[in-house]
Amino acid sequence: MTIDAIVIGSGIGGLVTATQLAAKGAKVLVLERYLIPGGSAGYFERQGYRFDVGASMIFGLGQNGTTNLLTRALSAVKVSQEAIADPVQIHYHLPQGLDLKVDRVYEKFLQNLIAHFPHEDQGIRRFYDECQKVFKCLNSMDLLSLEEPRYLLRVFFQHPLACLGLAKYLPQNAGDVARRYIKDPQLLRFIDMECYCWSVVPSDMTPMINAGMVFSDRHYGGVNYPKGGVGQIAQKLVEGLEKAGGKIEYQARVTKIVTEQGKAVGVQLANGKVYRGKRIVSNATRWDTFEQLLPAEEMPHNEKKWQQNYQKSPSFLSLHIGVKESVLPAGTECHHILLEDWEKMTAAEGTVFVSIPTLLDSDLAPNGYHIIHAFTPHWIDDWKKLSPSEYEAKKEDAAWRIIDRLEKIFPGLDTGLDYLEVGTPRTHRRFLGRQDGTYGPIPRRKLRGLLNMPFNRTAIPGLYCVGDSTFPGQGLNAVAFSGFACAHRIAVDLGL
Ligand SMILES: Cc1cc2nc3c(=O)[nH]c(=O)nc-3n(C[C@H](O)[C@H](O)[C@H](O)COP(=O)(O)OP(=O)(O)OC[C@H]3O[C@@H](n4cnc5c(N)ncnc54)[C@H](O)[C@@H]3O)c2cc1C
């Protein structure tokens with residue numbers, strides 16, 4: 001069998017590319033180094049608990065519009081995923097008593113925020129309404145490859161105003177738009193946190209296109225939790241891939257992208273096996289792709305330039321906790337963000353992110369217990385050169401510092417603990433195959449919105465990238481977008 005496309009990695013970006021291509025009749029092979037699919041959207045099981053390794057706040061599982069890309073990717077290969085609506089995106093616990101819930105209902109969220117900043121009533125509405133404008137443009141068109149001129153032309157003629165609207169926002173950052181309408185410094189810090197909690201940079205460096213998407217879709221398609229855990233999305237995509245004739249191999253670590261006369265023609269696995277394909281897609285990060293799978297000394301000029309513009313974000317320290325249900329006060333929401341000092345927002349152990357998916361799907365824990373996944377940024381450099389006992393001691397110290405802080409929102413957490421597993425940047429590097437365990441690329445300095453984020457084609461003919469180091473960036477729905485775009489571009493290139 002001649003393989004049309006070999007996909008390195010079964011993260012959501014890789015799987016959406018693979019399923020889209022298989023649905024168009026291409027012969028697709030996915031090679032995954034780990035035991036199960038999903039990458040950062042995978043799961044693991046311990047003592048009756050099913051933990052999400054990373055993502056738990058899921059966009060893209062809605063039913064309407066065009067931005068529900070996970071729903072669309074699943075249905076393209078005739079599978080579906082039950083989704084449980086989350087009534088509140090985030091419960092913020094911020095400095096100076098800024099305690100606030102982002103309600104699924106837009107007007108309710110605005111009212112909650114305006115109650116804290118009544119003097120900024122107009123500014124708040126104008127900023128978030130402008131985000132809605134971006135979203136309406138995105139949500140009116142099919143989201144495919146921006147590298148395909150005929151698609152761009154078609155979309156432009158079908159939706160000229162939406163296209164012009166998006167072109168206007170493409171070079172802008174959310175912070176600039178916020179500052180046009182809002183003056184209160186504490187409110188601007190809140191907008192920074194609204195961006196930071198998914199882009200891991202403040203609003204000045206967060207592209208307006210991404211902000212428009214997140215700040216609006218949470219009130220449109222909403223945040224929905226996949227029944228059975230986040231890992232189900234990847235499992236279902238694999239089921240659909242196989243139904244459509246595609247194949248996946250696990251424990252298949254690609255060590256090299258094979259090139260001939262400068263063109264990508266295949267891959268080599270750690271066990272020496274070589275596969276050849278018409279097109280090669282890397283779902284590994286750009287750093288892994290161009291420094292590990294290809295010779296670093298031959299890195300194309302545009303990749304060097306990309307590395308000058310973008311750096312690796314920190315990784316995370318993750319606490320996967322099982323607790324007695326009595327620990328959670330009545331009315332506790334699924335997702336929380338905790339910060340005590342604005343100056344520490346971007347620091348290691350500054351912001352703590354918390355997800356309690358069992359509040360939406362109780363089957364993920366034994367009866368009478370809940371899962372708490374708490375994570376906070378950490379750099380791999382702080383976890384290097386430690387002996388095994390030093391590493392364990394450092395993990396334990398860090399975990400208890402976080403648990404102490406969580407006691408403020410969940411009093412009695414310490415005594416209600418049933419299970420605790422701590423992951424570090426080293427764990428993320430090892431199990432997710434991501435250089436330094438990074439969450440993804442972040443701008444080194446203020447850039448012009450999304451203009452510098454690369455699409456799927458690379459300088460190496462036959463090689464494409466997909467996932468969070470391509471347009472439009474991190475997050476499950478974002479990498480699904482990148483997967484749709486990548487498959488679209490390859491299908492056109494292959495004449496499918
Ligand atoms: C702690 C944490 C919390 C998060 N929370 C959220 C959230 O709430 N909502 C949200 O939308 N997003 C969240 N994210 C981000 C989101 O999970 C990622 O942006 C997204 O899953 C990345 O998908 P991807 O396809 O780019 O790659 P990955 O998920 O990194 O998948 C890449 C795959 O490729 C495989 N691979 C790599 N190299 C090779 C190789 N050489 N050979 C074979 N296979 C290889 C890996 O094993 C992996 O399976 C979170 C991430 C983390 C880490």
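Since we're looking at a predicted model, the values are computed, not measured.

Conventions used here
Residues numbered from 1 in each chain as written. Predicted model: local features only at pLDDT ≥ 70, side-chain atom pairs only at ≥ 80, totals over all residues. Helix = DSSP H or I, 4+ residues; strand = E, 2+ residues; numbered from the N terminus. Rg over C-alpha atoms; globule rule 2.2 N^0.38 Å. Buried ≥ 20, exposed ≤ 12 C-beta atoms within 10 Å, placed from the backbone. Pairing = 2+ DSSP bridges. Axes fitted to C-alpha atoms, helices over the stretch in contact; angles between N-to-C directions. Contact = placed C-beta atoms within 7 Å. Near = placed C-beta within 6 Å. Domains from an automatic or database assignment. Nonpolar A, V, L, I, M, F, W, Y, C, P; charged D, E, K, R; others polar. Core = buried A, V, L, I, M, F, W, Y, C linked by C-beta atoms within 7 Å. Parallel < 35°, antiparallel > 145°, perpendicular 65-115°, else oblique. Left-handed = near helix turned anticlockwise from the far one by under 90°.

Take the overall build of the protein next. A count of helices and strands for the protein gives 16 helices and 20 strands. The C-alpha radius of gyration of the protein comes to 22 Å, within 12% of the 23 Å expected for a compact globule of 496 residues. Based on the C-alpha atoms only, the size of the protein along its principal axes is roughly 60 × 55 × 40 Å. The 496 residues of the protein split such that 53% are buried.

Read from one edge of the open sheet, seven strands run β7-β6-β15-β16-β17-β14-β18, paired in mixed fashion. Here the strands that pair on one side only, and so sit at the sheet edges, are β7 (98-103) and β18 (417-423). Strand-to-strand twist across the sheet, computed as the mean angle between neighbouring axes with direction ignored, equals 15°. Here 10 bridges tie strand β14 (residues 315-324) to strand β17 (residues 369-378), and the two strands are oriented antiparallel to one another. Each bridged residue has a counterpart across the sheet, and for Leu319 the counterpart in β17 is Ala374. The strands touched by helix α15 (residues 425-432) within the sheet are β14, β17 and β18, with β14 carrying the most contacts at an inclination of about 95°.

Omega for the peptide link from Phe471 to Pro472 comes to 5°, which places this bond in the cis form. For Pro472, the location among the structural elements is in the loop between β20 (463-465) and α16 (476-494). Positive phi, close to 55°, is recorded for Gln96, a residue that is not glycine. On the secondary structure map, Gln96 appears in the loop between β6 (88-94) and β7. Classification of Gln96 as exposed rests on a count of 10 C-beta atoms within 10 Å. Phi at Gln251 takes a positive value of approximately 50°, unusual for a residue other than glycine. With respect to the helices and strands, the residue Gln251 is situated in the loop between β9 (247-249) and β10 (254-260).

Sheet analysis places β6 next to strand β15 (residues 335-338), joined by three bridges and oriented parallel. Residue pairing in the sheet places His93 in a bridge with Leu338 of β15.

Attention shifts here to the site of the ligand. Near the ligand you find 38 residues, and of these Gly9, Gly11, Gly39, Gly54 and Gly467 are the closest. Where the shell around the ligand is concerned, the elements lending two or more residues are α1 (12-23), β14 and α16. Looking at which domains feed residues into the shell around the ligand, each of domain 1 (3-41 + 71-81 + 229-310 + 442-494) and domain 3 (314-435) gives three or more.

As a further point, take the pairing of strand β3 (residues 43-46). Looking at chain direction, β3 and strand β4 (residues 49-52) are connected through four bridges and run antiparallel. The residue bridging Arg46 from the neighbouring strand is Tyr49, located in β4. Hairpin connection between β3 and β4: a loop of two residues separates the two successive antiparallel strands, and Gln47 in this loop has a positive phi of roughly 45°.

Taken domain by domain, the protein holds domain 1 (3-41 + 71-81 + 229-310 + 442-494), domain 2 (107-215) and domain 3 (314-435). For domain 2 and domain 3, the distance between their C-alpha centroids amounts to 30 Å. At the interface, five residues of domain 2 touch seven residues of domain 3. When its residues are assigned to classes, the side of domain 2 that touches domain 3 shows three nonpolar, no polar and two charged.

Turning next to helix α9 (residues 208-217). Taken across its 10 residues, α9 has 10 buried, putting it largely inside the fold. Considered for burial, the residues of α9 that qualify are Met208, Ile209, Asn210, Ala211, Gly212, Met213, Val214, Phe215, Ser216 and Asp217.

By the element assignment, Gly11 lies in the loop between β1 (3-8) and α1. On the basis of neighbour count, Gly11 is assigned to the buried category, with 29 C-beta atoms found within 10 Å. Sequence separation between Gly11 and Tyr419 is 408 residues, and the spatial gap between their C-alpha atoms is 27 Å. What Gly11 contacts, discounting residues up to four positions off in sequence, is Gly38, Gly39, Ser40, Ala41, Asn283, Gly467 and Val479.

Generally speaking, nonpolar side chains in soluble globular proteins are found buried as a group. Counting residues in each nonpolar core, the largest one holds 139 residues, and the members touching the most others are Leu241 and Ala480. In terms of residue count, α16 provides more of this core than any other element does, 11 residues in total. Leu241 has contacts with Leu15, Ala18, Thr19, Ala22, Val30, Val77, Gly246 and Ile248, leaving out every residue within four places of it along the chain.

Once that is clear, we can look at the packing of helix α4 (residues 121-138) against helix α7 (residues 174-181). Contact geometry of α4 with α7 gives a least axis separation of 8 Å together with a crossing angle of 150°. On the basis of the axis angle, α4 is roughly antiparallel to α7. Crossing of α4 against α7: the hand is right-handed. Across from Gly123, Arg126, Phe127 and Glu130 in α4, the residues of α7 making contact are Val177, Ala178 and Tyr181. A per-class count over the contact of α4 with α7 returns four nonpolar, one polar and two charged.

Between helix α2 (residues 69-76) and α16, the least distance of the axes is 9 Å, while the angle of their chain directions is 50°. Classified by the angle between their axes, α2 and α16 sit oblique to one another. Contacts between α2 and α16 involve Leu69, Leu70 and Ala73 from the first element and Leu476, Asn477, Ala480, Phe481, Gly483 and Phe484 from the second. Class assignment for the residues of the contact of α2 with α16 results in seven nonpolar, two polar and no charged.

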